[in-house]
Structure formats: structure tokens, C-alpha cells
Amino acid sequence: MAAQFICAHAGAGATLRKAKGLWGAAAIFMLTCAAMPAEQSPPPYHPHKGSEILWDSFGVPHIFAKSVPDMFYLFGYAETEAHGDLLLHVLGGSRGRGAEYFGPGYQDANLKTDRWIWLNEVPARSASWLAQQTPEFRGYLNAFAAGINAAAAAHPDALAAEVRAVLPISALDLIEHEQHFYNFEFVAGRALMESRGGNVQPSLAEAVPEDGFGNAPQDLADGSNGWAIAPSHSASGKAMLLMNPHLAWGGEQTYFELQLSAPGVNVYGATQIGVPALRFVMSDQLAITNTVNTNNGHVLYRITEAPGGYQFDGKVLPYEKASYPIKIRQPDNSFKTETVEVLKTVHGPVIRHDNGAPIAMYVPGLDKPFLLDQVYRMGIARNFAEYQTQVKRLQIPMYNILYADRDGHIEYLFNASVARRSEGDWAFWNRPVAGDTSRLLPTGVLSYDELPKVIDPPSGYVQNSNEPPWDAAWPTMIKPADYPPYVAPVWGYFRSDRALRMLSEDPKISFDMLLAKKLSTRAEAADRLLPDLLAAVETYGTPRAKKAAQVLKDWDRQAEAGSRGTLLFWNWANRFGMPAGQENSVRNFATPAAVDKPLTTPAGIKDPKAAAEMLDAAAAAVEKQYGALDKPWGEFLRLQINAQSSGAATAVNRGTPLDRIDLPGNGGPGAIGIFRVVTPGPIQDGTATPVHGDGFTLAVQFSQPMQVKALVSYGDCSQPGCKHHTDQLPLFEQKQWRDVWRTRPEVAAHLERREAF
């Protein structure tokens, strides 16, 4: 394939040295054209004889390789067999060519993604990142890409015709996807959605419209629970760790569970499609999980324009300009061409205009190209010291990291590329700031030693459910005053409060207790608010509100399939304002959230009359939709795959008619303090199906023998006709776990098929 030429009309920044985070100011203009690397096949790779993939009876691949490069080759091969269509969609999209391969897509999603990728110059930066990889790790990336291509060549008919155009895959594609996914969706995802006129993460914004039954933006934009329990808080005296990420049930956020084994390596866990390293990982020595944190990773600047450019430190600087043509497939398979015009300031590119003012975006960490290398080496560390050597590299641009190991160490780290700033708090930096002064430009990022963390705390556990870091080891607090005020906000969140309650209510936690607590569907917000709400309705309620109050009084305060009242309470809570963070805590609660009192605040209702009116409105909406106020939750929330459903779980498998699943659901919105997060999607014909929440879940105890349980709610494959796309959802419905098989004899005893190379 010919190289793609990129032409940039460059201002001063393109030609002058970079100093202290900003470009020089001389006004030199030129037209530059640079050839981007073409997508090419990786070097030929042939695994050693004896390397093999053992697929167990749940479709989980166990890779036993003769070398580490063989392991990466089989990793790519297995992922293509299980998720080939999705994998190639994801990698083609991260090239910035989704609209060329697949057309504009639903609500022009592919085209919007292409524009975002080229606006932020992901392809050129990815080529630079790839060149900086060590020869060893670049070889691993080449092997993974070669495995994708080999699987596609071996099973061409298994792939949808539209995705074959994406082939061949190269190591560059993997770096492009890493950068697009982590730096420009997670770190800069809020800026992306604001530029699109929305406020939730892109993959979910397209799928979940606003409605009267919740879909709280905070829950859709992030999600995850993570626990690490030390021997002192464990009934067995052995450390435990819970991995429980909550992301979309479909698309690039889909989790793929597998085992990777080679000389010196034996790890088990999961990763997102197209990411050639296990972010959620365990071995005989350690276990690591992540949760989305409150890092405001990107910084937005309001640019003041002037003739010839924009104002900065009393001078007028010219924009640096670049142009990137993108092709858009039409319904008749012809193409239109659109040019993405980039205006770059000393802060970064202009991503949108607010009331006519350009808004530029600074993203820290774009000089850190070794995320995949660090994630891989964290997972294969043999002890806490080796793990810390890797985590201190800070190549991962965001996510809380929770750790536990066989030796009994645990750690919570607020991991992020946090831009170092001279002033301002978290709220100040969460809106565009003045871009006409260097005073507000970041100067590097905070070091590992400067980030919130706690190691082996007296509490005996660390936890996070997407709240700020301060209560990670409660009651052993991380003190906000010890850190710059822009690092994280100070507010509470009912889901994390529920986690702290379950962790702290028992002096010791057994592995069976851990498994049961994970599956809790109790709504912390109901325990905190229902008494006051019922009293408010008694005084101020209409007859309809009093009828609704009786339903809530009889409700079990859970989101089980048979729970009657969950739907009503969720609708009321959405009107009241959930999650209970930031302005809602001050506006609606009698006692606002106090960061050092997570089990008792926020609490109470500030305006009882208004709360009673909200219940009347919620009751009217529920009664109109369903004809009853006490519809069982499981009749509303349906666990559907390959059934008539608009949820993401169906979209993953492109609606194939095999193995239709339609089961009553349990779990619910994290915004009302439910730990087992299941976010219902759009309501159709009175029902909804999950689009987000518990996806991959794993619990491990470092006992002898180790105890490990897991579940992938939507199954471990998404290819059309794959029976393993539906086989774990009945376990989810029954609140059961799967045994994890890690030794060759265990896998052989549950073997479905074997592939030898």
C-alpha cells in the first residue's frame, strides 16, 4: 500500500525548538508534506513446533507457547478467532479510517472518530512511539500482529467481508489503537463528547439516549470496582484481590479472557479487544486490577484570537496548521473526501469553539510511549519490588491501580499523568481556562512519589469504585490536604460507600464472603434516603405519592429479579440527583458528603416537599409506562443476547439467531449505590437490556492451592454463531461464578479443542 502523504501549513511551532512546554514564537510559515508509514504486514513469523492453544469448555483460550514471541503470536491468533470482526473494526477505526472501511456509521460515529484521531494527529505520533519501542517489545508487537494476519488467512470465511479490507495488521496498528483508546478516549474522552455536544463516553453516547429512567452520565462514562485485601483482614490469612471493571457490553471496551504461558511467564486475566497486554492480570505471585479514576487528564484553554493568530504572553503567535484528508464510503461504495483542518497552539490543537472562542486541548503524557510494555512487565513481575519498578514508570496515562500478592502486600495508587500546575483546584481545571498566558501552562507531570497512594494500610484493605482517592483505605484516610488541590475532587459516591460498608462490616473476610459481597445488589442510597422520603410523603404526598411510598416501604431495597420497587426508586433517584457527588450533595441532601464519613454522609433530604413531588412525578412516569408501580425488576431488565434487543450485547454478535438468551436480570445502576453494576440501555416495549456494567469479573485468593473464580457476562467470543457468546449469561442470571483452570491438567480435563502450531 502506498504511503499516505500528510501536508501541514506550519507556523512557528513546526520549526523552532520546544522549551518549558511551549513552542518558540518566531513567525516562520511553510508548507510541509511528510509521508506517513504505510500499513504493512509484520515480518514473517513462524511459532516453534509444540506451541499450542487449548480452548476450554467456556471458550477461554489457554496459550502454552515455547517462547515469549510465540506467546504473543498465539495471543493475536486466538483473539482473531474469538473476536475477529470486532478486532478488525477496532483496529481499522483506530487508524482513523473507519469511515473509509465501514461508512459513516450510526449517527456518523465512524466519521466522528476519524476526525478526532486526525485532529489529534494520532497516526504520526504513533509512528514515533513505535520507533521508540525496544527491539524486544517491538518483536512481541510484530508477533501479535502476525498472529492476527495468520488467523485471518487460515479462516477467511469466518470474517465479515467488510473487515477484510483492514488487513494486514502491523505493530503500528496496535500502537495507534493504544494511543487512541487510552489517551484520546479515556483521558480526553470528556473533551471529545463535549465537542460532539454530549457528556458521556463516545461508545456509549451513541447507544444510550437520555430517558426518564436514569442512565446517569457518570455511570456511563466510567465504572469499575476493585478490592485488595491483606492477610490481616482475610479469614485465611492470605491476600485476596477482586477485579470488577464496568465498561460497555460491546465494541472496543469488550473484555477478552485468556491465559498466556511461556518460559518464565504464566499469567491469566483479561484485556480489551486490540490491546496486546493483560491490564487485569494474575499469576502465582501477584494480581492487579484497574478502575477509572477522577483524573482530569486533559486541560482545555480558551484562545483569544488576534489578526495573524492568537494572543499569548502579550504577543501574537501564528497557528501551526495541518491538513489531513479522510475518505468516507458512500452507500454505493463510492467515496467522498473530507479534509480535517488542524489549528495548533502552544497548548495543543483547537478541538471546538465555545460561543465563537477557539478551545485548545493539552493532553499530558504524550511523551510516554511505553504503556503496553509497562502493562506487560507489571503482570510478569515476581514480587512487590519488581512491580513497583514498573509502576513507577508512569507510562499508563490514567486509572487507579490496585495490587495484591502472595507475600501479603497490597497497594492502591491513583495512577495518572497529572499535569503539574502552579495554581487552581480540580473544579477550576475542569472548565476552559485562559489560554493567553504561560502562567497556566503545565510544567511536566507529577511523579510517582507525588501521587495519592497507600501501601499495606492498617485497615487491611484498599478499594476503589471510581470515587476520588481519599477513602481508598478508610478509615486510614489519604489526606486531600497533602496533595495539590487539582489532583482530584472531594466528594462521595454511594457505590463506593456500599463497598466500604461491605469491606468494614466484618473483622475478617473469607473467600466465599468476597464472592457473595461482589454479587450484592443492595442500593446504598435507599438505605440512606428512604426513611426521610417516606416521612416526607406522609406529610406532603399526593394520594399517588403515598401509593408509591407503600411500594417503596415494602421493597427489599435490592435489584434482584423479583425486587418490586427498584424501578420506581431509580426513577425517583434520577430526579433527586444521583450520584450523590458535587453539586447534588449540596443542593438536595440535608447533610452533604464528608470525605471522612463515607458510611453516614451524604444523608437526609433538604427539601421534603420537593422530594415528595419528585416521587409523585416518578410514580406517574412508571405507572404510565407499565400500568403498575411494583413491576418486578427482572421483568424490566432482561439479559438478552441474540434476542430482539437494542442493547450492546446483541450488537456484538450482529444479531445471529443462534442460542437466543432472554433471562430476568439482576444488578442495577451504580448511581444508587448498587455494587453489582448493570446499566440498562434504551427502553423498548417496556424492557431494557444491559449496555454497561459487570463484564469481566475475577476473584483470587493466594492460598495453597490458589482459589480463583471468574465470569465474562457476555461470553468470551463475539463471532457470529459462536456458542460461547451466550454460555455464561445463565450463570450471571443465577449469580454464579466459573472455576478458573490454569494448569495444563485442569485445562485438559475441560478441553473443547486443541490447536497445535
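Residues numbered from 1 in each chain as written. Predicted model: local features only at pLDDT ≥ 70, side-chain atom pairs only at ≥ 80, totals over all residues. Heavy atoms only, no water.

Digging into the sheet that holds strand 13 (residues 299–302)
Spelled out, the test is: Between any two strands, at least two bridges found by DSSP are needed for them to pair. For helices the rule is a DSSP run of H or I covering at least 4 residues; for strands it is a run of E covering at least 2, with both sets numbered from the N terminus onward.
Read across the sheet, four strands follow the order 19-20-13-23 without closing on themselves; strand pairing throughout is mixed. Each edge of the sheet is formed by a strand with only one pairing partner; in this case those strands are strand 19 (350–354) and strand 23 (433–434). When strand 13 meets strand 20 (residues 357–362), the two strands line up antiparallel, connected through four bridges. Looking at strand 20, one finds that Val299 is bridged to Tyr362.

As for the sheet that holds strand 15 (residues 309–312)
The three strands lie next to each other as 14-15-16, forming an open sheet whose pairing is antiparallel. Where the open sheet ends on each side, the last strands, each with one partner, are strand 14 (305–306) and strand 16 (315–317). Here strand 14 runs beside strand 15; their pairing, made up of two bridges, is antiparallel. Across the sheet, the residue bridging to Ala306 is Gly309, located in strand 15.

Some details on the packing of aromatic side chains
Rules: Note on ring pairs: Phe, Tyr and Trp rings are taken, using the six-membered ring of Trp, and paired if centres are within 6.5 Å. Classes follow the plane angle, with under 30 degrees stacked, over 60 edge-to-face and the rest tilted. Between buried and exposed lies partly exposed: a residue is buried under 20% and exposed over 50% of the maximum accessible area for its type, with that area taken using a 1.4 Å probe on protein chains only.
For the coordinates displayed, the defined rule picks out 39 aromatic pairs. For the pair Phe72 and Tyr376, a centre-to-centre distance of 5.3 Å together with 65° between the ring planes defines the contact as edge-to-face. Of this pair, Phe72 sits in helix 1 (residues 68–94) while Tyr376 is found in helix 10 (residues 371–379), placing the two residues 304 residues apart along the sequence. A relative accessible area of 2% means that Phe72 is categorised as buried. Residue classification places Tyr376 among the buried residues on the basis of a relative accessible area of 9%. Here Phe137 and Tyr376 contribute two aromatic rings whose centre-to-centre distance is 6.3 Å and whose plane-to-plane angle is 40°, an arrangement assigned as tilted. Of this pair, Phe137 sits in helix 5 (residues 135–154) while Tyr376 sits in helix 10, and the two are 239 residues apart along the sequence.

Observations regarding the state of the cysteines
The condition that has to hold: Any two cysteine sulfur atoms lying within 2.5 Å of each other are counted as a disulfide.
All chains considered together, the criterion is met by one disulfide. Each disulfide pairs two cysteine sulfurs, and for Cys717 the partner residue is Cys722, the sulfurs being separated by 1.8 Å. Measuring handedness by torsion sign, the sulfur bridge of Cys717 and Cys722 sits at about -105° and is left-handed. Like Cys717, the residue Cys722 is buried in the burial classification.

Comments concerning the confidence of the model for the protein
Caution applies to low-pLDDT regions: their predicted coordinates should not be interpreted in detail. Note the cut-off: Known as pLDDT, the predictor's confidence for each residue is given on a scale from 0 to 100. Note on contacts: a residue pair is in contact if any heavy atoms of the two residues lie within 4.5 Å.
Per-residue confidence for the protein gives a mean pLDDT of 89; residues scoring 70 or more make up 88%. The low-confidence segment residues 1–37 (pLDDT under 50) makes 81 contacts with residues lying over four places distant or belonging to another chain.

Quick look at helix 1
Keep this limit in mind: Expected helix span is computed as 1.5 Å times (number of residues minus one).
The end-to-end C-alpha separation of helix 1 is 26 Å, well short of the 39 Å expected for 27 residues at 1.5 Å each. Just past helix 1, the residue Gly96 takes up positive phi, approximately 80°.

Observations concerning the environment of Gln625
For Gln625, the position within the fold is in helix 18 (residues 608–626). Accessibility expressed as a relative area gives 38% for Gln625, which makes it partly exposed.

Re the packing of helix 10 against helix 11 (residues 384–391)
To be explicit about the condition: Axes here refer to lines fitted to C-alpha atoms; in helices the fit is confined to the stretch in contact. Angles between the N-to-C directions go from 0 to 180 degrees. Comment on the angle field: the value is read as roughly parallel under 35 degrees, roughly antiparallel over 145, roughly perpendicular from 65 to 115, and oblique elsewhere. Lys, Arg, Asp and Glu make up the charged group, whereas Ala, Val, Leu, Ile, Met, Phe, Trp, Tyr, Cys and Pro make up the nonpolar group; the residues left over, Gly among them, are polar.
The contact between helix 10 and helix 11 brings their axes to 9 Å, and the two run at 170°. Judged by the angle between their axes, helix 10 and helix 11 are roughly antiparallel. Where helix 10 abuts helix 11, its residues Gln374, Arg377 and Met378 lie against Tyr387, Gln390 and Val391. Considering only residue class, the contact of helix 10 with helix 11 consists of three nonpolar, two polar and one charged.

So, unusual backbone geometry
Thr601 connects to Pro602 through a cis peptide bond whose omega is -5°. The topology assignment puts Pro602 in the loop between strand 26 (589–591) and strand 27 (603–605). At the junction of Gln704 and Pro705, the peptide bond is cis and its omega measures out at -5° in the coordinates. Within the fold, Pro705 resides in the loop between strand 32 (696–701) and strand 33 (707–712). Phi angles above zero are rare outside glycine, and Lys735 is one such case at about 55°.

Details of the environment of Ile148
For Ile148, the position within the fold is in helix 5. On a C-alpha basis, the gap between Ile148 and Gly76 in space is 4.8 Å, while along the polypeptide they are 72 residues apart. Among residues more than four places away in sequence, those in contact with Ile148 are Gly76, Tyr77, Thr80, Leu87, Leu88, Leu91 and Ile169.

Considerations on the pattern of salt bridges
Put simply, the test is: A carboxyl oxygen of Asp or Glu within 4 Å of a side-chain nitrogen of Lys or Arg is what we treat as a salt bridge.
Under the counting rule described, the total for this entry stands at 36 salt bridges. For Lys709, the salt bridge goes to Asp739, with nearest N and O atoms at 2.4 Å. Of this pair, Lys709 sits in strand 33 while Asp739 sits in strand 34 (residues 738–739); the two residues are 30 residues apart in sequence, bridging distant segments of the chain. The structure contains a network of salt bridges with shared partners spanning Glu136, Asp373, Arg377 and Arg393.

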